[in-house]
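The lines below spell out each chain.
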Amino acid sequence: MNRINMFISFEGIDGCGKTTQIKMLEEYLSREKIEFISLREPGGTEFSELIREILLSKKNKLNGISELFLFEAARSDLTEKVIVPALEAGKVVLCDRFYDSTFAYQGFGRKIDLEAIKNCNFLAAHGYTTSVTFYLSISRSLSSERTSGKELDRMESSGNEFFERVIEGFEFLSETEPDRFIKLDGGESKEQIHQRIVDIINSKLNHDKVK
Ligand code: TYD
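Residues numbered from 1 in each chain as written. Predicted model: local features only at pLDDT ≥ 70, side-chain atom pairs only at ≥ 80, totals over all residues. Heavy atoms only, no water.

Colleague: I'd like a description of the pairing of strand β3 (residues 92–96), backed by residues and values.
Modeller: Remark: a regular strand shows side chains that alternate across the two faces of the sheet. A large share of β3 lies buried, amounting to five of its five residues. Covered by surrounding structure in β3 are V92, L94 and D96 together with V93 and C95, the residues of both alternating faces. Where strand β1 (residues 6–11) and β3 come together, five bridges link them in parallel fashion. In the sheet register, M6 faces β3, and the bridge partner there is V92. Here five bridges tie strand β2 (residues 36–40) to β3, and the two strands are oriented parallel to one another. What sits directly across from F36, in β3, is V92. (Buried < 20%, exposed > 50% of the residue type's maximum accessible area, 1.4 Å probe, protein only. Helix = DSSP H or I, 4+ residues; strand = E, 2+ residues; numbered from the N terminus. Pairing = 2+ DSSP bridges.)

Colleague: Give a detailed account of the sheet that holds strand β5 (residues 181–185), specifying residues and quantitative values.
Modeller: Taken in spatial order, the five strands of this open sheet run β2-β3-β1-β4-β5, and their pairing is parallel. If you trace the sheet from one side to the other, it starts and ends with β2 and β5, each paired once. With strand direction ignored, the average angle separating the axes of adjacent strands in the sheet is 20°. Sheet topology note: the β1/strand β4 (residues 132–137) ladder contains four bridges and is parallel. Across the sheet, E11 pairs through a bridge with Y135, a residue of β4. Running over the sheet, helix α7 (residues 160–176) touches β1, β4 and β5 and is turned about 120° from β5. (Axes fitted to C-alpha atoms, helices over the stretch in contact; angles between N-to-C directions. Contact = heavy atoms within 4.5 Å.)

Colleague: Pulling in residues and values, what's your account of the site of the ligand?
Modeller: Close to the ligand lie 14 residues; D14, K18, R97, T102 and Q106 are nearest. One of the side-chain N or O atoms of R97 is found 2.7 Å from an oxygen atom in the ligand. Q106 places a side-chain nitrogen or oxygen 2.8 Å from a nitrogen atom of the ligand. Bound to the protein, the ligand loses 91% of the 540 Å² it would expose on its own. In a pocket analysis with a 2 Å cut-off to the grid points, the ligand is assigned to the largest pocket. Where the shell around the ligand is concerned, the elements lending two or more residues are α2 (46–56), α3 (64–88) and α4 (99–109). Class assignment of the residues belonging to the shell around the ligand gives a composition of four nonpolar, three polar and seven charged. (Near = heavy atom within 4 Å. Polar contact = N/O pair within 3.5 Å; in protein donor to acceptor, adjacent residues only side chain to side chain. Areas by Shrake-Rupley, 256 points an atom, 1.4 Å probe, with all protein chains shown as cover. 1 Å grid on protein atoms, 1.4 Å probe; cavity = no way out; pocket = protein on both sides within 12 Å on 5 of 7 lines; lining within 4 Å. Sits in = over half its atoms within 2 Å of the grid points. Nonpolar A, V, L, I, M, F, W, Y, C, P; charged D, E, K, R; others polar.)

Now the structure itself:
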């Protein structure tokens, strides 16, 4: 087995194709005999899965600040118990969402102070950052089209204006951190997107080798 220490997350609004891309990347890493673990946020530990239920259940009426702290509590537990040990063991960590979702959803979406969000993210991630984040960009209308008929959870019921602001948040990150937060066109074919992801990962690995 090959060991590479890399922390890769995926971001985007509902229906952007994260799940498909993560699955294709998992298959690629298995073929290349690269050890990895695949996680989702919020979730991945017993405690974080409980928090996930609270966050997504429509029965719960939460304000933005309570929501923020619950996402961060779930993250802190997952990071400490699963992500850090995996990275230290030289594994690739794939994560379906990480702190950039908090920046976009709670920061831009719920309009919570962005500096406060950054500080909370830093604490909950125990100072760790992603090596690379793939943002699959699609419009709100394509998202609604791709997810029509699906029963919406609490977060997904936040309305059009909320999701337009979330998209603005992701766009802001792709403009301010273009080396880490990489925007890909979620409207391209899944094969094209997968090839771009593999090429970017390999170029980062080669770059690290040269350093
Ligand atoms: P999930 O069912 O995993 O959504 P998806 O399949 O779209 O990734 O639910 C996670 C929801 O929580 C999703 O609507 C995004 C939201 N979220 C935040 O608002 N802040 C966060 O920090 C994270 C990690 C997720």
